[in-house]
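# Commentary on secondary and tertiary structure
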Amino acid sequence: MVLKITNLAKVYTPGGAPVLRDVSLQMAAAETLALTGESGSGKSTLLHLIAGLDAASSGSIEVAGAEITGYSDAQSAAMRRRDVGLIFQQFNLIPSLSVARNIALHARLAGREDADWAAHLAEVIGLAPHLAKYPEALSGGQQQRVAIARALAARPRLLLADEPTGNLDESTADAVLDLMLTAASQAGTAILMVTHSARQAAKMQRQLHLSHGMIARPEAAA
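These remarks concern the structure in this document. (Residues numbered from 1 in each chain as written. Predicted model: local features only at pLDDT ≥ 70, side-chain atom pairs only at ≥ 80, totals over all residues. Heavy atoms only, no water.)

### Quick notes on the side chain of Q207
Put simply, the rule reads: The helix and strand labels rest on DSSP assignments: H or I over at least four residues marks a helix, E over at least two residues marks a strand, and numbering proceeds from the N terminus. Pairing of N or O atoms within 3.5 Å defines a polar contact, subject to two protein rules: one partner must be a possible hydrogen donor and the other a possible acceptor, and residues neighboring in sequence count only if both atoms are side-chain atoms.
Within the element layout of this structure, Q207 appears in strand β9 (residues 206-211). Engagement of the side chain of Q207 in a polar contact is seen with the backbone oxygen of M204, the distance being 3.3 Å.

Written out as structure tokens, the structure reads:
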């Protein structure tokens, strides 16, 4: 299992309503899973807990076989460099770096820079003609492709994507998601993606629905 979550809960204030309650799920290597649910259902919170950006109140999270719920900030940062890629609606590109250097950034920090793999990613994701450009010269769809390539350049075990195409128009969003799925499959990377789009969720192998911080219905095959 690349991800195993058991009885996970998150409460931000003592005595307050839980954001997540008794959430359990598993993901196999290279599997793709869509996480759906209304705003405020706990989807983004769950991704933040898996990424080690926030601490769970109770329960267990294992990433690539390692229990991470007790990790320090430094251990969580090392885990993200080693095992987890992150993609958000905001592209978070470095404006002073070229496309090529943005793509290589995370892999370099992880000690896994591979020029051949980076070049292959750029080709698969449609960025090969733009490697010398800077982010400001790219469209929104192109910038999101750079963010995807950057996240996959280190070949993470798990990719966490929070509404990765939410800022794009429908046709561009579909094209970018298809490219992300292709590149992740070639990297052997599992994807857990938060989305409000039933159309995009259907492209994933499984779907999971959160409601009021709980899994609202059983996981279903796409």
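### Regarding the nonpolar core
Defined as follows: Only buried Ala, Val, Leu, Ile, Met, Phe, Trp, Tyr and Cys residues count toward a nonpolar core, and they belong to the same one when joined by side-chain atoms within 4.5 Å. Working definition: with a 1.4 Å probe on protein chains only, accessible area under 20% of the residue-type maximum means buried, over 50% means exposed, and in between means partly exposed. Contacts were defined at the residue level, with two residues in contact if any of their heavy atoms lie within 4.5 Å.
Within the largest apolar cluster, 38 residues are counted, with the highest numbers of intra-cluster contacts made by I103, I125, M180 and I191. Counting only elements with at least two residues in this core, the list comes to α3 (99-109), α4 (115-124), α5 (140-152), β7 (158-162), α6 (170-187) and β8 (190-194). At eight residues, the largest contribution of residues to this core is made by α6. Those residues in contact with I103, other than ones at most four positions away along the chain, are A118, L127, L131, V146, A149, R150 and A153. If you look at the next biggest cluster of nonpolar residues, it comprises 27 residues, including V23, M27, L35 and V194.

### Comments concerning the packing of α5 against α6
We apply this condition: Angles shown run from 0 to 180 degrees and are taken between the N-to-C directions of axes, each axis being a line fitted to C-alpha atoms and, for helices, limited to the stretch in contact. Orientation is classified from the angle alone, with under 35 degrees giving roughly parallel, over 145 giving roughly antiparallel, 65 to 115 giving roughly perpendicular, and any other angle giving oblique. Crossings are classed by handedness, with left-handed meaning an anticlockwise turn of the near helix from the far one by less than a right angle and right-handed meaning a clockwise turn.
It is the contact of α5 with α6, at a shortest axis distance of 10 Å, that shows an interaxial angle of 15°. Between α5 and α6, the angle is such that the two are roughly parallel. Handedness of the α5/α6 crossing: right-handed. On the side of α5, the interface is formed by G141, Q144, R145, I148 and L152, while α6 contributes T172, V176, L179, M180, A183 and A184.

### A look at the side chain of S60
Summarising the element assignment, S60 is placed in strand β4 (residues 58-63). Engagement of the side chain of S60 in a polar contact is seen with the side chain of E67, the distance being 2.4 Å. If near-sequence neighbours (up to four positions away) are discounted, S60 is found in contact with K4, I5, T6, L8, E67 and T69.

### A closer look at the environment of H209
Relative to the elements of secondary structure, H209 occurs in strand β9. The spacing of H209 and I68 is 141 residues in sequence and 24 Å in space, taken between C-alpha atoms. Reaching out from H209, the side chain makes a polar contact with the side chain of T36 at a distance of 2.9 Å.

### Examining the pairing of β4
Each regular strand shows side chains that alternate between the opposite faces of the sheet. What counts here: Two strands form a pair only when DSSP identifies at least two bridges running between them.
Two elements, strand β1 (residues 3-10) and β4, share five bridges in a ladder whose sense is antiparallel. Pairing of K4 across the sheet is with E62, part of β4. Alignment of β4 against strand β5 (residues 66-67), held across two bridges, turns out to be antiparallel. Note on β5: the bridge partner recorded for V63 is A66.

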